[in-house]
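# Breakdown of the fold
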Amino acid sequence: MSGDYRMKRAYSAASQADGKRVLVDRLWPRGVGREEAALDLWPIDVTPSNELRKWLHAHRDEYAEFEARYNAELDGESQQAALAEVRALHAKHTVTLITAAKDVEHSHVPVLLKRLEEGS
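Since we're looking at a predicted model, the values are computed, not measured.

## Examining the overall build of the protein chain
- Each helix and strand counted, the protein chain has five helices and three strands in total.
- When the helices and strands of the protein chain are placed in sequence order, the string is β-β-α-α-α-α-β-α.
- Counting the 120 residues in the protein chain, one finds 42% classified as buried.

## Quick word on the environment of Arg53
- Structurally, Arg53 is set in helix H2 (residues 50–58).
- What makes Arg53 partly exposed here is its relative accessible area of 23%.
- On a C-alpha basis, the gap between Arg53 and Trp28 in space is 14 Å, while along the polypeptide they are 25 residues apart.
- In contact with Arg53, not counting residues within four places along its chain, are Leu27 and Pro48.
- Among the polar contacts listed, one links the side chain of Arg53 to the side chain of Asn50, at a separation of 3.1 Å.

## What about the packing of helix H4 (residues 77–90) against helix H5 (residues 109–118)?
- H5 packs onto H4 with a crossing angle of 75° between their chain directions and a minimal axis gap of 10 Å. With respect to H5, the axis of H4 lies roughly perpendicular. Here H4 contributes Gln80, Leu83, Val86 and Arg87 to the contact with H5, which in turn contributes Leu112, Arg115 and Leu116.
- For the contact of H4 with H5, a count of residues per class yields four nonpolar, one polar and two charged.

## Thoughts on unusual backbone geometry
- Despite not being glycine, Ala38 shows a phi value in the positive range, around 50°.
- The residue Ala38 is located in the loop between helix H1 (34–37) and H2 in this model.

## Structural notes on the packing of helix H3 (residues 63–74) against H5
- Taken N-terminus to C-terminus, the directions of H3 and H5 make an angle of 45°; their axes are 10 Å apart at the nearest point. Classified by the angle between their axes, H3 and H5 sit oblique to one another. Crossing hand, H3 versus H5: right-handed. Every residue of H5 that contacts H3 at Tyr63, Phe66, Glu67, Tyr70, Asn71 and Leu74 is listed here: Pro110, Val111, Leu112 and Arg115.
- Here the residues of the contact of H3 with H5 sort into seven nonpolar, one polar and two charged.

## Quick look at the pattern of salt bridges
- Following the criterion strictly, the structure yields five salt bridges and no others.
- Where Asp4 meets Arg6, a salt bridge forms, and the shortest distance between an N and an O atom there is 3.9 Å.
- Asp18 is the partner of Lys8 in a salt bridge, and the nearest nitrogen-oxygen pair spans 3.0 Å. One end of the pair, Lys8, is in strand S1 (residues 5–9); the other, Asp18, is in the loop between S1 and strand S2 (20–23), with 10 residues separating them in the sequence.
- By relative accessible area, which is 19% here, Lys8 ends up buried.

Analysis parameters
Residues numbered from 1 in each chain as written. Predicted model: local features only at pLDDT ≥ 70, side-chain atom pairs only at ≥ 80, totals over all residues. Heavy atoms only, no water. Helix = DSSP H or I, 4+ residues; strand = E, 2+ residues; numbered from the N terminus. Buried < 20%, exposed > 50% of the residue type's maximum accessible area, 1.4 Å probe, protein only. Contact = heavy atoms within 4.5 Å. Polar contact = N/O pair within 3.5 Å; in protein donor to acceptor, adjacent residues only side chain to side chain. Axes fitted to C-alpha atoms, helices over the stretch in contact; angles between N-to-C directions. Parallel < 35°, antiparallel > 145°, perpendicular 65-115°, else oblique. Nonpolar A, V, L, I, M, F, W, Y, C, P; charged D, E, K, R; others polar. Left-handed = near helix turned anticlockwise from the far one by under 90°. Salt bridge = Lys/Arg side-chain N within 4 Å of Asp/Glu carboxyl O.

Set out below in structure tokens:
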């Protein structure tokens, strides 16, 4: 039985309701210890490249362009393998996508969540 996908900031306490916790940021969240993070998976290949991450910070008003660029990155072979790994975890558990992003709704996480739910 599969669970839900959820999103949560890395600075919020871990809970049983999170199910499997998957860090979806390329960089480790500042000030969060490994035990505190309580991660089950850190698939770096599902995160935006360093170049794209920096581009987003410089072009906050061009979210649609970021979305297109990130989706193109997610089409890569290693990215597809990492997406499959997260989906396999989701097939048996609730999966909470963990991020340090301040504005989660305008970060890479909604794009990633959509790809995970679409199965491509």
